[in-house]
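If you want the building blocks of each chain, they are given just below.
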Amino acid sequence: MSEIKYGFAPVYDKDSQLLILGSFPSVKSRQVDFYYGNPQNRFWRTACGYFNEEVPDTTEGKREFLLRNKIALWDIVTECEIVGSQDSTIKNFKVADIKTLLQNSAIRFIILNGGKACSVFEANYGDIKVPYKKLPSTSPANTHFNVEEWRDVLSAVFGRA
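Residues numbered from 1 in each chain as written. Predicted model: local features only at pLDDT ≥ 70, side-chain atom pairs only at ≥ 80, totals over all residues. Heavy atoms only, no water.

(A) Representation of the overall build of the protein within the structure. Each helix and strand in the protein was counted, giving 6 helices and 7 strands. Counting from the amino terminus, the protein carries its helices and strands in the arrangement β-β-α-α-α-β-β-β-α-β-α-β-α. Computed over C-alpha atoms, the radius of gyration of the protein comes to 15 Å, within 12% of the 15 Å expected from 2.2 N^0.38 for 161 residues, which places it in the range of a compact globule. A principal-axis box enclosing the C-alpha atoms of the protein has dimensions of 50 × 35 × 30 Å. Per-residue burial for the protein yields a buried fraction of 46% across its 161 residues. Counted over contacts in the protein with a minimum sequence separation of 6, partners at least 24 positions apart contribute 62%. In the protein, which carries 20 positive and 19 negative side-chain charges, the distance between the mean positions of the two groups comes to 2 Å. (Helix = DSSP H or I, 4+ residues; strand = E, 2+ residues; numbered from the N terminus. Rg over C-alpha atoms; globule rule 2.2 N^0.38 Å. Buried < 20%, exposed > 50% of the residue type's maximum accessible area, 1.4 Å probe, protein only. Contact = heavy atoms within 4.5 Å. Lys, Arg positive; Asp, Glu negative; His and termini not counted. Charge placed at Lys NZ, Arg CZ, Asp CG, Glu CD.)

(B) Spatial organisation of the packing of aromatic side chains. As enumerated under the stated definition, the model contains 12 aromatic pairs in all. For the pair Phe8 and Tyr35, a centre-to-centre distance of 5.1 Å together with 80° between the ring planes defines the contact as edge-to-face. In this pair, Phe8 is assigned in the loop between strand S1 (5–6) and strand S2 (18–22) and Tyr35 in the loop between helix H1 (27–32) and helix H2 (43–50), connecting sequence segments 27 residues apart. Here Phe8 matches Tyr35 in class, with each residue buried. Each member of the aromatic cluster is reached from another via a ring pair, and the members are Phe8, Phe34, Tyr35, Tyr36, Phe43, Trp44, Tyr50, Phe51, Phe65, Trp150 and Phe158. (Phe/Tyr/Trp six-rings, centres within 6.5 Å; stacked < 30°, edge-to-face > 60°.)

Pasting the structure below:
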């Protein structure tokens with residue numbers, strides 16, 4: 001019998017302008033109890049690198065980085081059955097309440113971090129009025145990651161190169 005796993009609460013505030021949605025926390029992330037906990041995941045290096053900042057050492061530092069830079073972070077799946085960290089095994093899941101987050105923030109663009117995040121998002125929120133884009137997953141398992149695609153979208157959202 002499978003055990004239900006739970007994700008994390010969203011990180012955002014009323015000033016957040018960009019929402020980055022992953023699929024569901026990896027085993028490593030669940031162990032450290034925060035987003036993108038696998039040091040091999042490219043998320044923190046990509047986001048912090050765009051703002052010319054070092055990756056914070058602590059969860060609180062990462063939260064402060066996100067809020068200071070007007071980034072909201074959440075996963076589209078909030079609870080599910082999953083084998084290890086494999087998105088392809090996600091089943092019996094609940095979907096994040098994106099509409100409430102949007103009502104309580106200034107989100108004007110959504111990045112979907114990978115294919116699973118995109119497919120679940122589009123199946124549940126495909127009619128949403130906020131523009132969104134699927135980007136290559138920052139997961140270390142993704143051999144097609146392209147930091148330039150991420151930089152281009154971040155530049156479009158935040159208006160700088």
